[in-house]
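What follows is each chain in one-letter form.
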Amino acid sequence: MISTARLAAAAAVAVTLAATPALAAGCHKEPNFNAWVQGVAQEAAKAGVSNQAIQAGLGGVQFDQSIVNKDRAQGVFAQTFLEFSDRMVEQYRVKQGPGQIKKHGQTFQQIEQKYGVPAQVIASFWGLETDFGAVIGDGSTLNSLATLAYDCRRPELFREQLIAALKIIDRGDLTPAQMRGPWAGEMGQLQFLPSHYYDYGVDFDGNGRVDLLKSTPDALASAANYLSSIGWRRGEPWLQEVTVPREFPWEMADLKIKFPRSEWVAAGVKGVGSALPSDGLEASLLLPMGKNGPAFLAYPNFAFLLEWNSSLVYTTTAGYFATRMAGAGKVSRGSGPINSLSAKETAELQTILARKGYNVGKVDGIIGEQTRAAVKEVQLKLGLPADSYPTKELLAQLR
């Protein structure tokens with residue numbers, strides 16, 4: 001039980017907080033930032049966080065308008081798969097990755113033995129997130145979390161993360177001063193949100209605490225522990241480049257549609273670089289840029305990569321990067337012209353589809369799962385190849 005005295009002590013933290021910002025006023029029941037933090041302190045105390053950790057973590061926390069501005073300006077995932085993978089993989093990381101795996105070979109070997117996750121998969125996220133631990137960010141994680149939790153866009157998510165950060169302090173893994181990272185509140189070499197840090201962090205170097213910022217063994221093992229905990233299937237692939245016949249029922253290209261590899265082989269799908277086994281392992285056909293773009297078979301393990309990051313562009317890039325480090329060649333540029341939409345055009349398409357009654361999710365210029373599903377519906381209705389990928393030709397028809 002948490003005593004009323006502890007609750008009162010936790011609430012007193014707010015007295016030391018910074019001045020109230022004007023931006024968030026009017027979108028919360030509590031428009032005063034200081035009073036809002038007092039509520040967080042009370043909630044953390046109810047969750048079992050010690051008064052000492054609450055005072056240490058919240059005592060100097062401040063609202064930062066620049067973080068809100070950055071949150072509103074995100075547009076990186078509006079890039080196409082080839083644009084994003086060219087920039088994030090091909091320029092230099094694909095050359096660095098194998099060297100990092102060799103450098104930490106013994107650690108990776110021990111991790112794979114314990115968790116079943118290959119080195120290439122972990123190194124892929126390690127490279128994309130922080131350039132293999134070189135760039136982990138240096139902003140105040142607590143300020144970021146408090147700002148994003150107080151802001152109106154995703155308050156529930158980040159309030160949970162702020163309390164998880166206090167739990168990390170309470171457990172003795174990090175001090176508030178050590179909690180440094182990028183503006184979005186992640187921490188460490190694999191950029192874990194605090195709740196994942198707290199729940200899946202592993203003390204793999206055996207020093208008595210989980211340090212995902214400075215300890216490479218802890219960071220790599222924690223990534224493997226997370227993937228293993230959510231269901232990673234040991235010894236199975238995650239992504240494989242394939243070619244698809246030009247005449248094909250394109251509506252079958254959908255992550256929700258799964259067939260044994262034997263059926264994909266029978267339909268004329270072929271592996272790139274190696275033969276596609278005609279067996280019972282289930283897979284989905286993934287066309288990140290439509291029927292004229294690169295094609296992959298996505299295996300059950302790919303779904304767990306999507307749990308890491310729900311962006312299809314990011315996760316396809318991560319999975320592809322891992323296959324490159326495992327020996328696959330550079331991805332095909334596609335089999336025909338790909339008239340991709342700009343972010344502005346995608347937003348226009350989303351607006352048109354929403355007005356017609358389709359569920360596109362947010363009108364944000366990003367081709368996410370809901371937008372792809374809506375595009376597939378309208379393609380089928382118009383008698384077009386239903387590959388779920390919007391093009392300039394489709395937008396012209398809808399206009």
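Residues numbered from 1 in each chain as written. Predicted model: local features only at pLDDT ≥ 70, side-chain atom pairs only at ≥ 80, totals over all residues. Heavy atoms only, no water.

Caption draft 1: Expanded view of the packing of aromatic side chains. This model, assessed by the stated rule, comprises 20 aromatic pairs. Their ring planes at 15° and their centres at 4.2 Å tell us that phenylalanine 125 and tryptophan 308 sit as a pair that is stacked. Remark: tryptophan 308 occurs in helix α14 (residues 300-308) and phenylalanine 125 occurs in helix α8 (residues 119-130); sequence separation between them is 183 residues. For the pair formed by phenylalanine 125 and tryptophan 308, the shared burial category is buried. (Phe/Tyr/Trp six-rings, centres within 6.5 Å; stacked < 30°, edge-to-face > 60°. Helix = DSSP H or I, 4+ residues; strand = E, 2+ residues; numbered from the N terminus. Buried < 20%, exposed > 50% of the residue type's maximum accessible area, 1.4 Å probe, protein only.)

Caption draft 2: Quick look at the nonpolar core. Trp36, Leu58, Val121, Leu190, Tyr197 and Leu227 are the most contacted members of the largest nonpolar core, which has 87 residues in total. For this core, the leading source of residues is helix α15 (residues 312-325), giving eight residues. If you look at the next biggest cluster of nonpolar residues, it comprises 15 residues, including Trp250, Trp264, Leu285 and Tyr299. (Core = buried A, V, L, I, M, F, W, Y, C linked by side-chain atoms within 4.5 Å.)

Caption draft 3: Just the sheet that holds strand β6 (residues 282-286), in detail. Taken in spatial order, the five strands make up an open sheet running β4-β6-β7-β3-β5, and their pairing is antiparallel. Edge positions in the open sheet fall to β4 (259-260) and β5 (270-271), since each of these has one partner strand only. With three bridges connecting them, β6 and strand β7 (residues 295-298) associate as antiparallel partners. The residue bridging serine 284 from the neighbouring strand is alanine 298, located in β7. (Pairing = 2+ DSSP bridges.)

Caption draft 4: Up close: the pairing of strand β3 (residues 239-243). β3 sits mainly inside the fold: four of its five residues count as buried. Direction of pairing for β3 relative to β7: antiparallel, over a ladder of four bridges. Counted as the bridge partner of glutamate 241 is phenylalanine 296 from β7. Sheet analysis places β3 next to β5, joined by two bridges and oriented antiparallel. The residue bridging threonine 243 from the neighbouring strand is lysine 270, located in β5.

Caption draft 5: How the structure looks around empty space enclosed by the protein. Applying the stated criterion across every chain yields a total of one cavity of 30 Å³ or more. Of the pockets and cavities examined, the largest cavity occupies roughly 30 Å³. When its residues are assigned to classes, the lining of the largest cavity shows six nonpolar, four polar and no charged. (1 Å grid on protein atoms, 1.4 Å probe; cavity = no way out; pocket = protein on both sides within 12 Å on 5 of 7 lines; lining within 4 Å. Points joined across faces, edges and corners; volume = space filled by probe spheres on them. Nonpolar A, V, L, I, M, F, W, Y, C, P; charged D, E, K, R; others polar.)

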